[in-house]
Amino acid sequence: MKKYFVLIILLVVSGCSNPKTTIEDYSSSSISGYVTALQEGKFLVVSESPKSKDGHNNEIFDAIWFSSEESEEVEIGDYLHVWSGASFLSYPGQATATKFVIEEQERQRTNLTKKEVIQKAIIELDKLTEEHYFSPILTKIQYEKQKDSWNISFENINLNKPHLTIHIKDSK
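S.K.: Could you give me a rundown of the packing of aromatic side chains, with the residues and numbers involved?
M.R.: Using the criterion set out here, one finds four aromatic pairs in the structure. Considering the side-chain rings of Tyr-34 and Tyr-79, the 4.9 Å spacing of their centres and the 75 degrees angle between planes classify their relative orientation as edge-to-face. Of this pair, Tyr-34 sits in strand E1 (residues 31–39) while Tyr-79 is found in strand E6 (residues 79–84), placing the two residues 45 residues apart along the sequence. One aromatic cluster is present, built from ring pairs that chain together Phe-43, Phe-66 and Phe-100. Note that Lys-42 overlies the ring of Trp-65, its terminal NZ or CZ placed 5.3 Å from the centroid. Lys-99 extends its terminal NZ or CZ atom over the ring of Trp-83, reaching a point 4.5 Å from the ring centre.

Okay, structure coming up:
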């Protein structure tokens, strides 16, 4: 009888556990941020907040190009938590993703999600510059309620492109 009771307790406890990764588990990730570019088998993740400042007081954001066999699951604008081994010290860095988790984004009293805003901004960025921005470093994404629009700012370190701010109306 005791054996059955212990077995039932174990089944109940294991059945109640959540197999999904929780926010607490994300602290061990190499980087968390938005996907701003895709290439065959690779995606660029840029941290949501700056990691440091340079000698001119400019904010520096973590940015890493990841290669992964599962990269076809990733879309521009996704918010990812990525784990990796060693990375090349270039900027943006380069590494192989050993694991990544796509975090679901919810609308926050806006018509568009941040993912949709970033997707529209990348399209607009390519139109404005008349070329593909190779490594767009997302430095700001902010909703302005009074104007019912989003401000999205980018830098592109690789091509020494100017800092650009794009305005996206909050409509589908």
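S.K.: Could you give me a rundown of unusual backbone geometry, with the residues and numbers involved?
M.R.: The peptide bond linking Tyr-91 to Pro-92 adopts the cis configuration, its omega dihedral lying at -5 degrees. Here Pro-92 shows up in the loop between E6 and strand E7 (93–103). For Asp-148, which is not a glycine, the phi torsion comes out positive at approximately 50 degrees. For Asp-148, the location among the structural elements is in the loop between strand E8 (137–144) and strand E9 (149–156).

S.K.: Outline a negative patch on the surface, listing residues and values.
M.R.: Together, Glu-69, Glu-70, Glu-72 and Glu-73 give the surface a local cluster of negative charge. In this structure, Glu-73 sits in the loop between strand E5 (63–67) and E6.

S.K.: Outline the side chain of Ser-29, listing residues and values.
M.R.: Mapping Ser-29 onto the fold places it in the loop between helix H1 (2–16) and E1. Overall, Ser-29 belongs to the buried group, its relative accessible area being 14%. Side-chain polar atoms of Ser-29 contact the side chain of Ser-32, separated by 3.3 Å. Beyond its immediate chain neighbours, meaning those up to four positions away, Ser-29 contacts His-81, Val-82 and Trp-83.

S.K.: How would you summarise the pattern of salt bridges if you had to cite specific residues and measurements?
M.R.: The final tally for this structure, using the stated rule, is five salt bridges. For Lys-115, the salt bridge identified is with Glu-75, shortest N-O distance 2.7 Å. A residue pair is termed long-range when its members are at least 10 positions apart, and Lys-115 in helix H2 (residues 114–129) and Glu-75 in the loop between E5 and E6 qualify at 40 residues.

About the cut-offs
- Residues numbered from 1 in each chain as written.
- Predicted model: local features only at pLDDT ≥ 70, side-chain atom pairs only at ≥ 80, totals over all residues.
- Heavy atoms only, no water.
- Phe/Tyr/Trp six-rings, centres within 6.5 Å; stacked < 30°, edge-to-face > 60°.
- Helix = DSSP H or I, 4+ residues; strand = E, 2+ residues; numbered from the N terminus.
- Lys NZ or Arg CZ within 6 Å of the ring centre and 35° of its normal.
- Patch = residues over 30% accessible without salt bridge, like charges linked within 9 Å, V, L, I, M, F, W, Y side chains within 5 Å.
- Areas by Shrake-Rupley, 256 points an atom, 1.4 Å probe, with all protein chains shown as cover.
- Salt bridge = Lys/Arg side-chain N within 4 Å of Asp/Glu carboxyl O.
- Lys, Arg positive; Asp, Glu negative; His and termini not counted.
- Charge placed at Lys NZ, Arg CZ, Asp CG, Glu CD.
- Buried < 20%, exposed > 50% of the residue type's maximum accessible area, 1.4 Å probe, protein only.
- Polar contact = N/O pair within 3.5 Å; in protein donor to acceptor, adjacent residues only side chain to side chain.
- Contact = heavy atoms within 4.5 Å.

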